[in-house]
Every structure is written in C-alpha cells, then in structure tokens.
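Spelled out, the chains give:
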Amino acid sequence: MTDQGITPHTQESKGQIQMNQKKINRETLLNELESVRSGLSSQEILEQSNCFIFQNGFVKTYNDEIACKQKSILEFTGAVQAEPLLQILRKMTEDEIKITVDNSEFLIEGKRRKAAIRMDNEILLPVDRIEDVDEWKSLDEEFSEAVHLVTQVTGKDESQFMLTCVHLTDSFLEASDNYQVSRYNIKTDIQQPTLIRKESIKHVAELGVTEFSETESWIHFRNPTGLVLSCRRYTEVAEDYPDFSSMIEFDGTPTSLPTTLSEAIEKAEVFSTAADDNFVTIEMKSTGKLKIRGEGSFGWFTEIKKVNYSGDDISFRITPKLLFDIARKHNECEISSDRLKVESDNFIYVTMLNIGE
C-alpha cells in the first residue's frame, strides 16, 4: 500500500509480519470499522470477540452468532481492542492520521496528539471457521424492509428459542412472540427453511444488503461496498417452527386507524424507550376513541384520537417503531373477537387483543 503515502516497514514478531502505516484517511478507516461493529461482542464471550481482527487486507469481527468482513486500508495482522479504537477515531477531527503498528501497540498520531492501543499479534478468535462462499444470489429489493418489519415481534424468552428467531422460507419471512405475528411474503430463493436469531439478522436492514449465499452453518449477506455479514443459521429446528396460519387467516370487521396516529406514537415513544420492554399500549373504546400510552421509568404520555370503531373495548401492546410503520403505510385494519390484523399486498401483522380492559 504505497499509493496513499504509506511507508512500509516490516519486522518479525511472533511469526507475524507487521507493517508501519502512515497517512491514513481517518474517516475511511472509521467507516470500515463501523461497518463491521455488529460482529463485536460487548463482553468477551470468546477471546478477542471484542476486538477488530486485521488479517490479509480485511478487518473482521466474530461473536459466534455473527461474523463480519470488510476490506481495509490497513494491511497487517493483529487484534485491536474495538471500543477504545472507535472512541478515539470518533473524537479526533483530523482528515489524515498516521497509524503505526509495532510489536504489541497500535499507535495513532494526529496533530500534536498520540494514542496507543495495546494489541495482540496472534489471532486467537476463530474467524477462519466461517465457511467460504462459492456463489452469490441477488436479494429482492424489499428484503431489508421485510427484515425490519418482522424482527420487531420476536420473543425474548430464551426457553422458547424458536420465537427469538426469524423464520426464513423461500416465499416469506415471519416472526412471533406467541401474542403477535408478522409475516412478509417475498421470494427469497433460500434452499432450506432456516431460523436466524433476531439479534443477528436485524443488522441486515441497516446495511443495505443486495446479495446472499448459503453454506452449511451460515447465511451470508453482502452489500455494494463489499461488506459481508454472516449469520449463523439453524435448519434442523426450523422444521418444528409453529404454523401461524390459523392465527393469521380470519375475517374481521374493517376499521380505520387515525391518519395522525404516527405523530402520537413519536411522543409516546419518548417515555416507552425508558422501559425494559419498549412497547406502547393502544386502547380502542366503543365510544369511538383510541388512546395511545407510552410509559417508562421517568414518566408516561397519553393521547386520545377519534377512531371509527363501535365494538367492544379492546387493548393491545405493540412496539412503537412497528406501529409507526403500520400507521404511516396502512391505516386500514380488521378486528375480530380476539384479534386485530393489518394487511397490505405483502405484509401481514396480527396481534391478540385484551377484551374489555
């Protein structure tokens, strides 16, 4: 790497060749690191799982459920603590910085300032366990939107493992916590139904992935920048994933949600985000009034809207982000004796109702 004013200098250290790097664009490096953050572990569940792994011209992360890989402007071998490196790069203002890798230190130099982060020359994190990809397939342009919507209804009870995952098939994605279910009908070309943990696949929605590939233990996603996000897949248990068709397929009474509901949701979420579980409560009264309530550790918010509804008093809980997306795009719903359903061309959301509360 000599085209960016980099002066190479090599030395042997524990069998690894290290290289002095100079005049690196700070923002370019920071963007590379930010793009692979989802593969980091907040705690060191595996040795070096809270580190950026620099190897063979790539920066990598791995936490046993997620692996990320992106080409890097740094060409050396080593594991650098992620959090201090991210923090110092974010706080620096220089366009250009100097990076020096020497023995067990990763040295960053700006204008009249220096920082050194201890690093390991030896790679102990098993990043090489990720299976190689032979062929990439295109993803439907709505795939990221599908992931964004269905991941918001997964369960959190680890004793019900399947409900903490998103269920992927060749024709739809779905998720449920047993009280609500979300399904997005979309052609995926996935060869075998599989489960992926919500905490893994949720990153797909924010990375703009356009391609995917399947290997035995992983599903790999790639975006136009070359970033590869690999999510561990569970195929055997996917065969036993519950069939929610009977919950989804019903005819109810058509009802229109208030067109200004999204504005109330944003206010309620100010308070609900301070709770352990970020939910807002919706109450619909036979008097034609709808009340949204957000409550958290420092207070609560309510707002009442008019709604074209005259049935039994009902209530349900829903994540504000999902309700915001629903209210913004689909204000028509159906209500039966025990369920509420919102349905568009490709998307279906159903929740169980509390009657008379």
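Residues numbered from 1 in each chain as written. Predicted model: local features only at pLDDT ≥ 70, side-chain atom pairs only at ≥ 80, totals over all residues. Heavy atoms only, no water.

### Thoughts on the overall build of the protein
Okay, so step 1: Of the regular secondary structure elements, the protein holds eight helices and 26 strands.
Okay, so step 2: In the protein, of all internal contacts separated by at least 6 residues, the share reaching a separation of at least 24 is 62%. (Helix = DSSP H or I, 4+ residues; strand = E, 2+ residues; numbered from the N terminus. Contact = heavy atoms within 4.5 Å.)

### A few points about the side chain of N50
Okay, so step 1: Note on placement: N50 falls in the loop between helix 1 (26-35) and strand 3 (51-55).
Okay, so step 2: We classify N50 as buried; its relative accessible area is 18%.
Okay, so step 3: N50 has contacts with L40, S41, E44, Q81 and A82, leaving out every residue within four places of it along the chain. (Buried < 20%, exposed > 50% of the residue type's maximum accessible area, 1.4 Å probe, protein only.)

### Concerning the environment of T273
Okay, so step 1: By the secondary structure assignment, T273 is in the loop between helix 7 (261-272) and strand 19 (280-284).
Okay, so step 2: Considered as a pair, T273 and F106 are 167 residues apart in the sequence and their alpha carbons are 38 Å apart.
Okay, so step 3: A distance of 3.0 Å separates the side chain of T273 from the backbone oxygen of E269, its partner in a polar contact. (Polar contact = N/O pair within 3.5 Å; in protein donor to acceptor, adjacent residues only side chain to side chain.)

### Section: the confidence of the model for the protein
Regions with low pLDDT should not have their predicted coordinates read in detail.
Okay, so step 1: Looking at the protein, the pLDDT average stands at 90 and 93% of residues meet or exceed 70.
Okay, so step 2: Overall, residues 1-17 carries pLDDT values under 50, and its contacts beyond four positions in sequence, including any with other chains, amount to 36 contacts. (pLDDT = per-residue confidence, 0-100.)

### Considering the packing of helix 7 against helix 8 (residues 320-329)
Okay, so step 1: Following both chains from N to C, one finds helix 7 and helix 8 inclined at 175 degrees, their axes separated by 9 Å at the closest point. It follows that helix 7 is roughly antiparallel to helix 8 by the angle criterion. Note on element contacts: helix 8 touches helix 7 through P320, K321, L323, F324 and A327, opposite L261, S262, I265, E266, E269 and S272.
Okay, so step 2: Among the residues forming the contact of helix 7 with helix 8, the class breakdown is six nonpolar, two polar and three charged. (Axes fitted to C-alpha atoms, helices over the stretch in contact; angles between N-to-C directions. Parallel < 35°, antiparallel > 145°, perpendicular 65-115°, else oblique. Nonpolar A, V, L, I, M, F, W, Y, C, P; charged D, E, K, R; others polar.)

### Digging into a negative patch on the surface
Okay, so step 1: On the surface, E44, E47, D120 and E122 cluster together to form a negatively charged patch.
Okay, so step 2: On the secondary structure map, E47 appears in the loop between helix 1 and strand 3. (Patch = residues over 30% accessible without salt bridge, like charges linked within 9 Å, V, L, I, M, F, W, Y side chains within 5 Å. Areas by Shrake-Rupley, 256 points an atom, 1.4 Å probe, with all protein chains shown as cover. Salt bridge = Lys/Arg side-chain N within 4 Å of Asp/Glu carboxyl O. Lys, Arg positive; Asp, Glu negative; His and termini not counted. Charge placed at Lys NZ, Arg CZ, Asp CG, Glu CD.)

### Structural notes on the pairing of strand 11 (residues 165-168)
Looking down a regular strand, the side chains alternate between one sheet face and the other.
Okay, so step 1: Every second residue of strand 11 is oriented toward a common face, with C165 and H167 on one face and V166 and L168 on the other, all of them buried.
Okay, so step 2: Looking at chain direction, strand 11 and strand 12 (residues 172-176) are connected through two bridges and run antiparallel. What sits directly across from H167, in strand 12, is E174.
Okay, so step 3: Hairpin geometry of strand 11 and strand 12 is characterised by an intervening segment of three residues between the two adjacent antiparallel strands. (Pairing = 2+ DSSP bridges.)

### Description of the sheet that holds strand 13 (residues 180-185)
Neighbouring strands of a sheet are bound in pairs by backbone hydrogen bonds; such pairs are parallel or else antiparallel.
Okay, so step 1: On the basis of which strands lie adjacent, the open sheet formed by eight strands has the order 14-11-12-13-25-24-23-18 and antiparallel pairing. With one partner strand each, in any of the chains shown, strand 14 (194-197) and strand 18 (253-256) form the two edges of the open sheet. Across this sheet, the average inter-strand angle for adjacent strands is 20 degrees, counted without regard to direction.
Okay, so step 2: Direction of pairing for strand 23 (residues 332-335) relative to strand 24 (residues 339-343): antiparallel, over a ladder of two bridges. Looking across to strand 24, one finds that E334 is bridged to K341.
Okay, so step 3: The sheet contacts of helix 3 (residues 143-150) involve strand 11, strand 12, strand 13 and strand 25 (347-352), and relative to strand 13 the element is tilted by about 175 degrees.

### Concerning the nonpolar core
Okay, so step 1: Residues F52 and F106 are the most contacted members of the largest nonpolar core, which totals 79 residues.
Okay, so step 2: With five residues, the top contributor of residues to this core is helix 3.
Okay, so step 3: Excluding its chain neighbours within four sequence positions, the residues that come into contact with F106 are L74, F76, V80, L85, I99, T100, V101, A115, A116, I117 and M119.
Okay, so step 4: Grouped together as the second largest cluster of nonpolar side chains are twelve residues, C165, F244, I348 and V350 included. (Core = buried A, V, L, I, M, F, W, Y, C linked by side-chain atoms within 4.5 Å.)

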